[in-house]
Amino acid sequence: MMMTAMNTHDPIIRLRNIRKSFGAHRVLDGVDLDVERGEVVCLLGASGSGKSTLLRCINHLEKIDRGVVEVGGRLVAHELVDDRLRELKANEIRARRADIGMVFQAFNLFPHLTVLQNLIEAPVVVRKLPRSEAVERAKALLSLVGMDGREHSYPRELSGGQKQRVAIARTLAMQPMVVLFDEPTSALDPELVGEVLKVMKDLAAAGMTMVVVTHEITFAREVAHRVAILDQGKIIEFGPAKDVIDNPTHERARSFLSRFAWQGQH
Amino acid sequence: MQQNRHSDERFLKAVKISETSDILERSHPVRWAAAALILLVVAWFFYGVARNPAFGWPVFSHYFTSAEILKGLWLTIWLTAVVMALGFAFGLVIAVMRLSKNPVLQAIAWAYVWLFRSVPLLVLLLFWFNISYLFPTITIGIPFGPVFYEVETQQLISTMGATIIAFTLHEAAYASEIIRGGILSVDHGQEEAADALAIPKRRALFRVILPQAMRSIIPASASLLIGTFKNTSIASVVAVTDLLYSAQIIYNRNYEIVPLLMVATVWYISITSIISIVQYFVEAYFARGLVKKSEPGLLKTYLATR
């Protein structure tokens, strides 16, 4: 099943020549990346390599200076006008974003709303789902991430791992085409990382297209179909997860991965 | 060696005692004495005030609930409510302008706050009271273009109108800074999460950002409300019959200055106390989800220990 996803050339995300600078510092220096439908791609790299910025460019949380971002066959934040690319209106970008889920390192749950209110807010407001239907779906999703019966808790009453699982359920409640994960386990205590990775594994097995920025090399090796290694704003290595992680060809990829050598015992 | 055995004995004795009894709290005689002394001084002061014939307590109680005073009190409360509502509505607009990406709106919002925090409220009030001298007529039309409608300023803006406008402009400057501070206190990740979920900006502001900003907006707003409530007494200079002016009218008749000032003061204190109590509950409401449920509030703790 994994292989069919790989062989059928059906990219749901297409990035071309992404360039992005913060002031004089060039964070992304011409990045190309295709993600197939149903594929899990992990973005690895040292801090400052541009991997989080690249992820945030996909749903236009970061504006790109140049390049093309396409998700589901449509440009996410731009339109072609007289042979030039122009940014879309804010509400048009918002409509595109509704199909792109995002999970944050710091969860970013709404702390003054209950778990249930967190989950139904966007489906009701953005998707115009009837409240009862949104509640039903929310409950089913909470059960999927192992949080049954916690719909009336406030985020503050949950552990980090539980918060992140709720955040994943909140994203899924929008029925996105793809889900972007921005270091989803980096803010967690080590003993809580596993429960979140488990949910992500289940999601991958269910065929969700996922782009994951992570430091969890083991997860990348086992769950990702393909892995990209970024360095100084460029993808220096991209290919099947095990090939890239076990036998990197690029010198800087090797030195980056060697830091995780102790994790490589399977 | 000898020393050690001695300390061992004391240690064992301490262990034995600890098995059967809790540790004694230390008494604080100096603390108690200080508290008693202060209470004594306070009681003495109030006794003196109550016994002092100059305060004219019979006159005080006669006028405390008189129709004239209650009418003035009602006007003060009404004026405060109107000014707060308009001031905060306008203040929210200024705050959003200041936080917008449009540099012109930002600059105008900044200049507005700068101007109306700089001009004393009394001066602002007198300006608006005399507005018809500055602008005898008000016209509606296209700027620098044709005029559709013209009206005499004096007819349009009454004394009360001028008072409300002056207070609102002043209030909005402070309110906008309070709101802006509150919005800035909310973690940026909240806005990003709302963006990623495609929640429209306005909905995100009112449903996600402002409820969290309320935690820091409420205490500052309660202070502003109390300040405004008392500041409305400034309106008495343009003969708006608020609480203070009503008291002044009476003592200009009967020369019972102190009792009537006390009438106004006790009313000011009473309403302010009510505002403080309401503030406590409003804060508790907006703290939902942000404070552990197991932490009982101040009032609950107090009631539980009785």
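Residues numbered from 1 in each chain as written. Chains lettered and ligands numbered in written order. Predicted model: local features only at pLDDT ≥ 70, side-chain atom pairs only at ≥ 80, totals over all residues. Heavy atoms only, no water.

Draft legend 1. Local environment of the overall build of chain A. Across its full length, chain A holds ten helices and twelve strands. Since a compact globule built from 266 residues should have a radius of gyration of about 18 Å, the 18 Å found for chain A is in line with a globular shape. By residue count, 57% of the 266 residues in chain A fall in the buried class. Of the contacts made within chain A by residues no fewer than 6 positions apart, 65% connect residues no fewer than 24 positions apart. If you sum the accessible surface of chain A, you get close to 11900 Å²; carbon and sulfur atoms cover 48% of it. (Helix = DSSP H or I, 4+ residues; strand = E, 2+ residues; numbered from the N terminus. Rg over C-alpha atoms; globule rule 2.2 N^0.38 Å. Buried < 20%, exposed > 50% of the residue type's maximum accessible area, 1.4 Å probe, protein only. Contact = heavy atoms within 4.5 Å. Areas by Shrake-Rupley, 256 points an atom, 1.4 Å probe, with all protein chains shown as cover.)

Draft legend 2. Examining the environment of Glu92(A) more closely. Tracing the chain through its elements places Glu92(A) in helix α3 (residues 90–97). Remark: the alpha-carbon pair of Glu92(A) and His78(A), spanning 14 residues in sequence, is separated by 9.4 Å.

Draft legend 3. Structural context of the packing of aromatic side chains. Residue and element names in this part refer to chain B. Scanning the entire structure with this criterion turns up twelve aromatic pairs over all chains. Where Phe64 meets Trp267, the ring centres are 4.6 Å apart and the plane angle is 5°; that geometry is what we call stacked. In this pair, Phe64 is assigned in helix α3 (residues 57–64) and Trp267 in helix α13 (residues 257–286), connecting sequence segments 203 residues apart. With respect to class, Phe64 is no different from Trp267; both count as buried. With centroids separated by 5.4 Å and ring planes inclined at 75°, the aromatic side chains of Phe229 and Tyr268 adopt a geometry described as edge-to-face. Residue Phe229 is located in helix α11 (residues 201–231), and its partner Tyr268 is located in helix α13; the two are separated by 39 residues in the primary sequence. Accessibility expressed as a relative area gives 2% for Phe229, which makes it buried. Of the residues examined, Tyr268 reaches a relative accessible area of 11% and is grouped as buried. Among the aromatic residues, those joined into a cluster by ring pairs are Phe55, Trp57, Phe60, Phe64 and Trp267. (Phe/Tyr/Trp six-rings, centres within 6.5 Å; stacked < 30°, edge-to-face > 60°.)

Draft legend 4. Local environment of the packing of helix α4 (residues 67–99) of chain B against α11(B). All names here are of chain B. Two numbers describe how α4 lies on α11: the axes approach to 12 Å, and their chain directions differ by 140°. Put simply, α4 runs oblique to α11. For the pair α4 and α11, the crossing hand works out as right-handed. When α4 is examined against α11, the residues Thr76, Ile77, Thr80, Val83, Met84, Phe88, Leu92 and Val96 are found in contact with a partner set consisting of Leu205, Phe206, Leu210, Ser221, Leu224, Leu225, Thr228 and Phe229. Partitioning the contact of α4 with α11 into residue classes produces twelve nonpolar, four polar and no charged. (Axes fitted to C-alpha atoms, helices over the stretch in contact; angles between N-to-C directions. Parallel < 35°, antiparallel > 145°, perpendicular 65-115°, else oblique. Left-handed = near helix turned anticlockwise from the far one by under 90°. Nonpolar A, V, L, I, M, F, W, Y, C, P; charged D, E, K, R; others polar.)

Draft legend 5. Spotlight on α11(B). Taking 1.5 Å as the rise per residue, α11(B) with 31 residues should run 45 Å; its terminal C-alpha atoms sit only 36 Å apart, a clear shortfall. The largest bend along α11(B) reaches roughly 50° and is located at Arg215(B), with the proline Pro219(B) sitting one to four residues downstream. (Expected span 1.5 Å × (residues − 1). Bend = angle between axes of the 7 residues up to and from the residue.)

Draft legend 6. Region of interest: the pattern of salt bridges. Residues and elements named next belong to chain A. All chains considered together, the criterion is met by 26 salt bridges over all chains. Here Glu39 and Arg226 are joined by a salt bridge, their closest N and O atoms 2.4 Å apart. Taken together, the positions of Glu39 in the loop between β2 (25–36) and β3 (40–45) and Arg226 in strand β11 (residues 226–231) put the pair 187 residues apart, joining distant regions of the chain. The buried category is assigned to Glu39, whose relative accessible area is 0%. A salt bridge links Lys198 to Asp202; the nearest nitrogen and oxygen atoms lie 3.0 Å apart. Note that Lys198 and Asp202 are positioned in helix α7 (residues 190–205) at a spacing of four residues, about one turn of the helix. (Salt bridge = Lys/Arg side-chain N within 4 Å of Asp/Glu carboxyl O.)

Draft legend 7. Summary view of unusual backbone geometry. Its identity is not glycine, yet Asp82(A) carries a phi of approximately 50°, on the positive side. Mapped onto the fold, Asp82(A) is located in the loop between β6 (78–81) and β7 (84–87). The class for Asp82(A) is exposed, based on a relative accessible area of 69%. The backbone phi angle of Tyr255(B) is positive, close to 60°, even though this residue is not glycine. In this structure, Tyr255(B) sits in the loop between α12 (243–254) and α13.

Draft legend 8. Region of the structure containing the pairing of strand β10 (residues 209–213) of chain A. All names here are of chain A. With five of five residues buried, β10 is to be regarded as a mostly interior element. Taken together, the four bridges between β3 and β10 define a ladder with parallel strand orientation. Counted as the bridge partner of Leu43 is Val213 from β10. For strand β9 (residues 178–182) and β10, the ladder comprises five bridges, and the chain directions are parallel. Paired with Phe181 across the strands is Val212, a residue of β10. (Pairing = 2+ DSSP bridges.)

Draft legend 9. Highlighting the sheet that holds β9(A). Residue and element names in this part refer to chain A. With respect to topology, six strands assemble into an open sheet ordered β8-β9-β10-β3-β11-β12, the strand pairing being mixed. The sheet terminates laterally at β8 (100–103) and β12 (234–240), the two strands that pair on one side only. Each adjacent strand pair in this sheet contributes to an overall mean axis angle of 15°, direction not counted. Contacts from α7 reach β3, β9 and β10, with the element oriented near 145° to β10. Of the strands in this sheet, β3, β11 and β12 are in contact with helix α10 (residues 251–258), which crosses β11 at around 105°.

Draft legend 10. The arrangement of the pairing of β6(A) in detail. As judged from the four bridges shared by β6(A) and β7(A), these two strands associate in the antiparallel manner. From the neighbouring strand, Leu80(A) faces β7(A), where its bridge partner is Leu85(A).

Draft legend 11. Examining the confidence of the model for chain B more closely. Here chain B averages 89 in pLDDT, while 93% of its residues score no lower than 70. Scoring of the predicted complex yields 0.80 for pTM and 0.91 for ipTM. (pLDDT = per-residue confidence, 0-100.)

Draft legend 12. Fine view of the layout of surface pockets. All names here are of chain B. By volume, the largest pocket amounts to about 1300 Å³. What lines the largest pocket is a set of 33 residues, and nearest its centre among them are Leu99, Lys101, Glu191, Asp195 and Lys201. Examining the composition of the lining of the largest pocket, we find that six residues originate from one element, α11, more than from any other. Partitioning the lining of the largest pocket into residue classes produces 16 nonpolar, three polar and 14 charged. (1 Å grid on protein atoms, 1.4 Å probe; cavity = no way out; pocket = protein on both sides within 12 Å on 5 of 7 lines; lining within 4 Å. Points joined across faces, edges and corners; volume = space filled by probe spheres on them.)

Draft legend 13. Representation of the environment of Arg94(A) within the structure. Residue placement: Arg94(A) occurs in helix α3. Along the sequence, Arg94(A) and Asp189(A) sit 95 residues apart, while their C-alpha atoms lie 33 Å from each other. Apart from residues lying up to four places away in sequence, Arg94(A) is in contact with Ala198(B), Ile199(B), Pro200(B) and Lys201(B).

Draft legend 14. Representation of helix α6 (residues 160–172) of chain A in the model. With 13 residues, α6(A) extends 18 Å between its outermost C-alpha atoms, agreeing within 8% with the 18 Å of an ideal straight helix rising 1.5 Å per residue. Extensive coverage of α6(A) is indicated by the burial of twelve of its 13 residues. Within α6(A), burial applies to Gly160(A), Gly161(A), Gln162(A), Gln164(A), Arg165(A), Val166(A), Ala167(A), Ile168(A), Ala169(A), Arg170(A), Thr171(A) and Leu172(A). Each element contacted by the buried residues of α6(A) is listed here: β8, α4 (115–125), α5 (131–144), β9 and α7 of chain A together with α10 (188–196) of chain B.

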